[in-house]
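Residue strings, one per chain:
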Protein chains: 2
Amino acid sequence: QVNMSVAEGEKKAVDRWSDHSYVDKIPDSLVKASDPAQSMRVRFEKMVRKAQDYICSEIEKVDGKAKFQRDSWVRQGGGGGISAVLNQGAVFEKAGVNVSVVYGTMPFEALKAATGKGVPRNHGYKEGDVIPFFACGISSVMHPWNPMAPTVHFNYRYFETEGGVWWFGGGTDITPSYVFDEDVKHFHGVYKKVCDKHDPAYFPKMKKWCDEYFFIAHRGERRGLGGIFFDDMNDKDPEEIFKFATEAAMAFPDAYVPIMQKRKDMAYTPAQKEWQQLRRGRYTEFNLIYDRGTIFGLKTGGRIESILMSLPLTARWEYDHHPAEGSWEHKSLQYMINPIDWV
Amino acid sequence: QVNMSVAEGEKKAVDRWSDHSYVDKIPDSLVKASDPAQSMRVRFEKMVRKAQDYICSEIEKVDGKAKFQRDSWVRQGGGGGISAVLNQGAVFEKAGVNVSVVYGTMPFEALKAATGKGVPRNHGYKEGDVIPFFACGISSVMHPWNPMAPTVHFNYRYFETEGGVWWFGGGTDITPSYVFDEDVKHFHGVYKKVCDKHDPAYFPKMKKWCDEYFFIAHRGERRGLGGIFFDDMNDKDPEEIFKFATEAAMAFPDAYVPIMQKRKDMAYTPAQKEWQQLRRGRYTEFNLIYDRGTIFGLKTGGRIESILMSLPLTARWEYDHHPAEGSWEHKSLQYMINPIDWV
């Protein structure tokens, strides 16, 4: 809301958003020193850092040229993070894998943005309240140069608020510009397998949730072809959910690398590159307007460069663009408008 | 908020957002046939349509090659619009001048987005209410190819809600990638002159408001170098405000064309084009995250392609990019961080 008091608001906002300091050495741990080794806080951080190292190393092999550069930072309010970014490599225009731990207090509005259900009502929080919390997550987006190769995103996170309230969230999803059925089947298949190992109800539920979450309402289309998505997950033994989240996070190279091997060197036309750029525009629209992770990050004093690492290197918007009926572009877009079951 | 009921919400959203029908012939008037000729509704529409024709014609002269293509549409809920878009010309990669009239009812949340102050409290509207309204406006963004030439935006609008509540809003602002002091002085000077003719208090107030409005909070910088901005303006005779809005809208070619004549054919390097693209990325961030016009449009069933016409043809995001200290890019950026008085 814009009025004459915005100037003050601005200053505060900038202070809050810019309270990250770079550190030269990557810290051994980002959680509070007093957190016990067997706590979920400590173990979740260990898991996401292991996943970060493993995934960066597998993706570097695919790229064959560029390496992930790591920036680490601590947050004055509590916590810190490590952003690993591969910039303009041979295969990827931009790939990032971020881990972060954030704790302290956050505005009620930010917590609302962090959870699908909102804050559990019986804890009595309301608008304007400030809420103690802990959050740890890994978040990744990879944008390849080749329009035949899909963009991917994943995110796994663990939250705590006061009074023993905790939940897990996460998911992995694929965004091709051009749809190769076999790729999407493979990708969904990997996550179905991980899900089925834990609960046969997971995959159908999380696949549907993913299609619903990545909906660009004003376009009437999804960002991509989904995968799995879950949030507010606290209805099982936390050990069991932790194991599931771990396996889903670690499954990423199995899901993505075989697709990249097939697509990264395919020939393509300038027109196909342009279609990819238009789809990157849609990706940007989703992330800036709807993505809960982005909104949460902006509201809780996330590190801007880490949050917006998810944006593509380049994107394009053409006025009133529609692919020709029957074209590969048109067919690919139909899958984003009307999602289907791939496995 | 994502949960299992989103699927239903989606359908409704799509229905609401897609209720525009193209019409072959541009309608003579977009307001209700029963609105009297001397009403502000009718006269404001006449004004913005005259401004649209005049500005498109002046900009076509600058481009020298491409013409504005006009799409006109009517809105099922009430009203309609004419989008004039120049696509990939000799000078402009994208330029659009839209007029629209929207009336009917809108959600309280949308009205809140439409005004800096929110709905006048004494009318007793609250969250969840549906409010009768009328809105008419002209909105324009022009993105030139040449990184030495600035992007510009303007918008002038007239609103009514129930019970005789009305207000005007608007403004014109400039967004260079590379700052030429003389250009910004000229641009601000034109609007100061228009303002001063009406009220010496206007320019200082509206210049400050503009700097505040186009603030990208998470970046701690403005989208550009401002100009004038006003909203909720209803504290003078509507005839006087109408006259001011008309003159400000019509002043656009005087403010912009001389700058374009100087910059449109300047030589530039690939690195300078890249800096422009990064600034286009910031432009996109502002429009999708903060711009009230965009949010209002999305919430009131605006025509998506007309609203998002404001996005650049192409944009770029590089991880943690900072221009070198002392460079022209750095110096230009400083003006967006710490706005100064140009006239």
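Residues numbered from 1 in each chain as written. Chains lettered and ligands numbered in written order. Predicted model: local features only at pLDDT ≥ 70, side-chain atom pairs only at ≥ 80, totals over all residues. Heavy atoms only, no water.

Chemist: For this particular structure, what's the right way to read the overall build of chain A?
Modeler: Looking only at helices and strands, one finds eleven helices and eleven strands in chain A. A compact globule built from 343 residues should have a C-alpha radius of gyration of about 20 Å, and chain A, at 20 Å, falls within 12% of that. Seen along its three principal axes, the alpha-carbon backbone of chain A occupies a region of about 55 × 55 × 40 Å. In chain A, which comprises 343 residues, the share counted as buried stands at 63%. The contacts of chain A with a sequence gap of at least 6 include a subset with a gap of at least 24, amounting to 72%. By element, 53% of the accessible surface of chain A is carried by carbon and sulfur atoms, the whole surface being about 13,400 Å². Of the charged side chains in chain A, 45 are positive and 46 negative; the average position of the first set lies 2 Å away from that of the second. (Helix = DSSP H or I, 4+ residues; strand = E, 2+ residues; numbered from the N terminus. Rg over C-alpha atoms; globule rule 2.2 N^0.38 Å. Buried < 20%, exposed > 50% of the residue type's maximum accessible area, 1.4 Å probe, protein only. Contact = heavy atoms within 4.5 Å. Areas by Shrake-Rupley, 256 points an atom, 1.4 Å probe, with all protein chains shown as cover. Lys, Arg positive; Asp, Glu negative; His and termini not counted. Charge placed at Lys NZ, Arg CZ, Asp CG, Glu CD.)

Chemist: What exactly am I supposed to notice about the sheet that holds strand 10 (residues 227-233) of chain B here?
Modeler: Residue and element names in this part refer to chain B. With respect to topology, eight strands assemble into an open sheet ordered 1-2-3-4-5-6-7-10, the strand pairing being antiparallel. For this open sheet the edge positions go to strand 1 (20-23) and strand 10, each flanked by a neighbour on one side alone. Recorded for the sheet is a direction-independent mean angle of 15° between the axes of neighbouring strands. Across four bridges, the pairing between strand 1 and strand 2 (residues 69-75) is antiparallel. Directly across from H20, in strand 2, lies its bridge partner R75. Running over the sheet, helix 5 (residues 202-213) touches strand 7 (166-175) and strand 10 and is turned about 95° from strand 10. (Pairing = 2+ DSSP bridges. Axes fitted to C-alpha atoms, helices over the stretch in contact; angles between N-to-C directions.)

Chemist: What exactly am I supposed to notice about the pairing of strand 3 (residues 79-87) of chain B here?
Modeler: Along any regular strand the residues' side chains alternate between the sheet's two faces. Residues and elements named next belong to chain B. Burial analysis of strand 3 places eight of its nine residues in the buried class, which makes it a mostly covered element. Direction of pairing for strand 2 relative to strand 3: antiparallel, over a ladder of six bridges. When the bridges of strand 3 are listed, W73 appears paired with G81. Taking the residues between adjacent antiparallel strands as the criterion, strand 2 and strand 3 are bridged by three residues, where G78 takes a positive phi near 135°. Here nine bridges tie strand 3 to strand 4 (residues 92-107), and the two strands are oriented antiparallel to one another. Bridged to N87 within strand 4 is K94. Linking two consecutive strands that pair antiparallel, namely strand 3 and strand 4, is a turn of four residues; a positive phi of about 50° is found at Q88 within it.

Chemist: Would you take a moment to explain the confidence of the model for chain A for this structure?
Modeler: Keep in mind that low pLDDT regions are not for reading the predicted coordinates in detail. Residue and element names in this part refer to chain A. Scored by pLDDT, chain A comes out at a mean of 90, with 91% of its residues at no less than 70. In the model, residues 1-15 has pLDDT below 50 throughout and makes 22 contacts with residues more than four positions away in sequence or in other chains. On the interface metric, ipTM, the complex scores 0.91, and its pTM is 0.92. (pLDDT = per-residue confidence, 0-100.)

Chemist: Would you explain the sheet that holds strand 4 (residues 92-107) of chain A in this entry?
Modeler: All names here are of chain A. Reading across the sheet, the eight strands line up as 1-2-3-4-5-6-7-10 and stay open at both edges, with antiparallel pairing between neighbours. One side of each edge strand has no neighbouring strand; the edge strands of this open sheet are strand 1 (20-23) and strand 10 (227-233). Ignoring strand direction, the axes of neighbouring strands in this sheet form an average angle of 15°. As judged from the ten bridges shared by strand 6 (residues 151-161) and strand 7 (residues 166-175), these two strands associate in the antiparallel manner. By the bridge assignment, E160 is partnered in strand 7 with W166. Sheet contacts for helix 5 (residues 202-213): strand 7 and strand 10; angle to strand 10, the most-contacted strand, approximately 95°.

Chemist: What is the right way to read helix 7 (residues 252-263) of chain B from this model?
Modeler: In an α-helix there are 3.6 residues to a turn, and that puts residues three or four apart on one side. Relative to the 16 Å expected for twelve residues at 1.5 Å per residue, helix 7 of chain B spans 17 Å between its end C-alpha atoms, a close match to the ideal helical length. Among the residues of helix 7 of chain B, B:F252, B:P253, B:A255, B:Y256, B:V257, B:I259, B:M260 and B:R263 are the ones counted as buried. (Expected span 1.5 Å × (residues − 1).)

Chemist: Even after reading the chapter, I still don't get the environment of A:Q52, so can you show me in this structure?
Modeler: Residues and elements named next belong to chain A. Here Q52 lies in helix 2 (residues 40-63). Classification of Q52 as buried rests on a relative accessible area of 2%. Counting along the chain gives 44 residues from Q52 to G96, while the straight-line C-alpha distance between them is 9.7 Å. Residues contacting Q52, with those up to four places away along its chain left out, are R70, I82, S83, A84, V97, N98, V99 and I138.

Chemist: Honestly, the pattern of salt bridges in this entry has me stumped. Any pointers?
Modeler: Applying the stated criterion across every chain yields a total of 62 salt bridges over all chains. A salt bridge links B:R219 to A:E305; the nearest nitrogen and oxygen atoms lie 3.0 Å apart. Of this pair, B:R219 sits in the loop between strand 8 (215-216) and strand 9 (221-222) while A:E305 is found in helix 10 (residues 304-307), placing the two residues in two different chains. For the pair formed by B:R219 and A:E305, the shared burial category is buried. Measuring nitrogen to oxygen at the nearest pair gives 2.9 Å for the salt bridge that ties B:E318 to B:R316. As far as the burial class goes, B:E318 and B:R316 line up, both buried. One salt-bridge network, held together by shared partners, links A:E182, A:D183, A:K262 and A:R263. (Salt bridge = Lys/Arg side-chain N within 4 Å of Asp/Glu carboxyl O.)

Chemist: What is the right way to read the side chain of A:D231 from this model?
Modeler: Residues and elements named next belong to chain A. Relative to the assigned elements, D231 resides in strand 10. Side chain to side chain, D231 and R157 meet in a polar contact 3.5 Å long. Side chain to side chain, D231 and R292 meet in a polar contact 2.3 Å long. (Polar contact = N/O pair within 3.5 Å; in protein donor to acceptor, adjacent residues only side chain to side chain.)

Chemist: What is the right way to look at the packing of aromatic side chains in this model?
Modeler: Centre-to-centre distance and the angle between the planes together describe a pair of aromatic rings. Residues and elements named next belong to chain A. Across all of its chains, the model carries 51 aromatic pairs over all chains by this definition. Aromatic pair F180 and W328: ring centres 5.2 Å apart, planes at 85°, arrangement edge-to-face. Of this pair, F180 sits in the loop between strand 7 and helix 4 (181-198) while W328 sits in helix 11 (residues 328-337); the two residues are 148 residues apart in sequence, bridging distant segments of the chain. Given the relative accessible area of 15%, F180 is considered buried. Ring-pair connections join several aromatic residues into one group, and the members of that group are F92, F154, Y156, Y202, F230, F244, F252 and Y256. Of note, R263 hangs over the ring of F180, and the distance from its end group to the ring centre comes to 3.7 Å. (Phe/Tyr/Trp six-rings, centres within 6.5 Å; stacked < 30°, edge-to-face > 60°. Lys NZ or Arg CZ within 6 Å of the ring centre and 35° of its normal.)

Chemist: Quick question: what am I supposed to make of the environment of B:R70 here?
Modeler: Residue and element names in this part refer to chain B. Examined against the element boundaries, R70 turns out to sit in strand 2. R70 sits in the partly exposed class, given a relative accessible area of 34%. In this structure the C-alpha to C-alpha distance between R70 and V85, which are 15 residues apart in sequence, comes to 6.5 Å. Beyond its immediate sequence surroundings of up to four residues, R70 is in contact with I26, Q52, D53, C56, I82, S83 and A84. Among the polar contacts listed, one links the side chain of R70 to the side chain of D53, at a separation of 3.2 Å.

Chemist: Would you take a moment to explain the packing of helix 2 (residues 40-63) of chain B against helix 6 (residues 238-250) of chain B for this structure?
Modeler: Any two packed helices are characterised by how steeply their axes cross, that is the angle between the axes, and by the distance between the axes. Residues and elements named next belong to chain B. Running from N to C, helix 2 and helix 6 cross one another at 10°; their axes reach a closest spacing of 10 Å. Comparing their axes, helix 6 and helix 2 come out roughly parallel. Across from M40, R43, F44, M47, K50, A51, Y54 and I55 in helix 2, the residues of helix 6 making contact are P238, E239, F242, A245, T246, A249 and M250. Looking at side-chain class alone, the contact of helix 2 with helix 6 contains eleven nonpolar, one polar and three charged residues. (Parallel < 35°, antiparallel > 145°, perpendicular 65-115°, else oblique. Nonpolar A, V, L, I, M, F, W, Y, C, P; charged D, E, K, R; others polar.)

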